[in-house]
Amino acid sequence: MSKEIEIKFCINPETPFDISVISPSLTIIEQSCCELGNTYLDTPTLSLRQLDMGLRIRRWDAQAEQTIKCRGQVVGGLHARPEYNAPVTGGMPQLSAFPEEIWPAGSDVVALQQALIPLFRTDFKRTTWLVEFAGTRIELARDEGEIEGAQGREPILELELELKDGAVDGLFQLALALVQSGKLRPGHQSKAQRGYRLAGQAKPWALRQPLAVDGPLNAQIAALADDLQFHEGAWLAGVAGSAERMAQSGAALLALSQGLPWQPELSQWLTRWQSGAAQEALYMPAYGAFLLTLSAWLQTH
């Protein structure tokens, strides 16, 4: 098992990202480029998704690998999930290749295997840079392509930072340097989450009920940050009222954030968002810095 720790960004399609904007701060160890084809699978009743697992086969060149990702955490663009990988031949994964202990008690792995079907695809060109930065080794991966499901297609234009060696602090430092370009925003949804929607296997975007937060401060902050980014997704999908809900969550976060390290950036972003400059506000350096600093704080509180 490996634990994938990465920060995901969406790239502003109007001002494409180029690594040269920060290359003076990096030591680039190696660079590569390949075409990746990914098929995501589940049962017709989404048995794996109900276990908070995601299963895919990835193909590149003449190679293929099956991966299952288990329950993890997503906060402010930081994605941390245990994952298991194994070689695969043929068109279907073999669940028996994964360790027995990943399955909850009572799981019928044989029945799961027999019921698997392909649900959606993601196909993209990946350009990677392995870099040294602030005492860490980090892989940057720029993905450009599309997700395809029964209900249509969506473009992929993302940058992922994955920690390969060293402390997670270095990952956040590099991410904070990158958002200053104004070309990136933290990405809350994975490719798989988007794919389930395109496969017609997820609820349509809709406003959530307003949060009544209580409990420890860190739990309140995490819940409000999740609510804000959920409604960001709803806003991008054109759901009426989602901009107002983002503003409500942002204002509630600001009220809890006095004296905390992301408060100035949150205040700056909220002012711009409330002014009606929504598209511009999503790619403000302040927006990314606020979410990343908040996420880093939650790792230790």
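Rules of the game
- Residues numbered from 1 in each chain as written.
- Predicted model: local features only at pLDDT ≥ 70, side-chain atom pairs only at ≥ 80, totals over all residues.
- Heavy atoms only, no water.
- Helix = DSSP H or I, 4+ residues; strand = E, 2+ residues; numbered from the N terminus.
- Rg over C-alpha atoms; globule rule 2.2 N^0.38 Å.
- Buried < 20%, exposed > 50% of the residue type's maximum accessible area, 1.4 Å probe, protein only.
- Areas by Shrake-Rupley, 256 points an atom, 1.4 Å probe, with all protein chains shown as cover.
- Lys, Arg positive; Asp, Glu negative; His and termini not counted.
- Charge placed at Lys NZ, Arg CZ, Asp CG, Glu CD.
- Phe/Tyr/Trp six-rings, centres within 6.5 Å; stacked < 30°, edge-to-face > 60°.
- Lys NZ or Arg CZ within 6 Å of the ring centre and 35° of its normal.
- Salt bridge = Lys/Arg side-chain N within 4 Å of Asp/Glu carboxyl O.
- Expected span 1.5 Å × (residues − 1).
- Pairing = 2+ DSSP bridges.
- Axes fitted to C-alpha atoms, helices over the stretch in contact; angles between N-to-C directions.
- Parallel < 35°, antiparallel > 145°, perpendicular 65-115°, else oblique.
- Left-handed = near helix turned anticlockwise from the far one by under 90°.
- Contact = heavy atoms within 4.5 Å.
- Nonpolar A, V, L, I, M, F, W, Y, C, P; charged D, E, K, R; others polar.

Colleague: In this structure, what is going on with the overall build of the protein chain? I would like to understand it.
Modeller: A tally of helices and strands in the protein chain yields nine helices and 10 strands. Expected size for 301 residues packed as a compact globule is a radius of gyration near 19 Å; at 20 Å, the protein chain falls within 12% of this value. Summarising its shape, the C-alpha atoms of the protein chain cover approximately 55 × 45 × 35 Å along the three principal directions. A burial count over the protein chain gives 48% of its 301 residues as buried. Carbon and sulfur atoms make up 50% of the accessible area of the protein chain, which amounts to about 13,900 Å² in all. Of note, the protein chain has its 25 positive side-chain charges centred 3 Å away from the centre of its 34 negative side-chain charges.

Colleague: Explain the packing of aromatic side chains to me, please; I cannot follow it from the model alone.
Modeller: What characterises a pair of aromatic rings is the spacing of the ring centres plus the angle enclosed by the ring planes. For the structure shown, the criterion picks out nine aromatic pairs. For the pair Tyr40 and Phe120, a centre-to-centre distance of 4.7 Å together with 15° between the ring planes defines the contact as stacked. You can see Tyr40 sitting in strand S2 (residues 27-42) and its partner Phe120 sitting in strand S7 (residues 117-133), a full 80 residues away along the chain. Taken individually, Tyr40 and Phe120 each receive the classification buried, so the pair is uniform in this respect. Through pairs of rings, three or more aromatic residues link up here, namely Trp235, Trp269, Trp273, Tyr287 and Phe290. Here Arg49 stacks its cationic end above the ring of Tyr196, 4.1 Å away from the centre of that ring. Sitting over the ring of Phe230, Arg208 keeps its end group 4.0 Å from the ring centre.

Colleague: What is the right way to look at the pattern of salt bridges in this model?
Modeller: Two side chains that carry opposite charge are able to pair once their charged atoms sit near each other. In the structure shown here, the tally under the stated rule is 22 salt bridges. The salt bridge partner of Arg194 is Glu154, with a shortest N-O separation of 3.1 Å. Residue Arg194 is located in helix H4 (residues 191-198), and its partner Glu154 is located in strand S9 (residues 152-165); the two are separated by 40 residues in the primary sequence. According to the relative accessible area criterion, Arg194 is buried, its value standing at 15%. Residue Glu154 is classed as partly exposed on the basis of its relative accessible area, which comes to 29%. A salt bridge links Glu158 to Lys191, with the nearest nitrogen and oxygen atoms 2.7 Å apart. Taken together, the positions of Glu158 in strand S9 and Lys191 in helix H4 put the pair 33 residues apart, joining distant regions of the chain. Lys191 shares its class with Glu158; the two are buried. Connected through salt bridges with shared partners, the residues Glu6, Lys8, Arg126, Asp143, Glu154, Glu158, Glu160, Lys191 and Arg194 form a single ionic network.

Colleague: How should helix H3 (residues 168-179) be read in this particular structure?
Modeller: The periodicity of an α-helix, 3.6 residues per turn, causes residues three or four positions apart to be oriented the same way. Its 12 residues give H3 an end-to-end C-alpha distance of 17 Å, which sits within 8% of 16 Å, the value for a rise of 1.5 Å per residue. When H3 is considered as a whole, its buried residues turn out to be Gly170, Leu171, Phe172, Leu174, Ala175, Leu178 and Val179.

Colleague: Teacher, can you tell me more about the pairing of S9 here?
Modeller: Consecutive side chains of a regular strand alternate in pointing toward one face of the sheet and then the other. Here strand S8 (residues 136-149) runs beside S9; their pairing, made up of 13 bridges, is antiparallel. The partner of Gly149 across the bridge, within S9, is Gly152. Hairpin connection, S8 to S9: the antiparallel pair is bridged by two residues.

Colleague: Whenever I open this one, the pairing of S7 confuses me. Can you help?
Modeller: Note: S2 against S7, 15 bridges, orientation antiparallel. The residue of S7 that forms the bridge with Asn38 is Thr122. Hairpin geometry of S7 and S8 is characterised by an intervening segment of two residues between the two adjacent antiparallel strands and by a positive phi of about 50° at Ala134.

Colleague: What exactly am I supposed to notice about the packing of helix H6 (residues 242-256) against helix H7 (residues 263-274) here?
Modeller: How two helices pack is summed up by the angle between their axes together with the distance between the axes. Running from amino to carboxyl end, H6 crosses H7 at an angle of 155°, the nearest separation of the two axes being 10 Å. When the interaxial angle is binned, H6 and H7 end up roughly antiparallel. Here the hand of the crossing between H6 and H7 comes out left-handed. Residue-level contacts link Ala243, Met246, Ala247, Gly250, Ala251, Leu253 and Leu254 of H6 to Gln263, Leu266, Ser267, Trp269, Leu270, Trp273 and Gln274 of H7. Class assignment of the residues belonging to the contact of H6 with H7 gives a composition of 10 nonpolar, four polar and no charged.

Colleague: Teacher, can you tell me more about the side chain of Arg245 here?
Modeller: Locating Arg245 in the fold gives a position in helix H6. Ignoring sequence-local partners within four residues, the contact set of Arg245 consists of Leu207, Arg208, Gln209, Pro210, Leu211, Asp227 and His231.

Any functional reading would require information that these geometric values do not contain.
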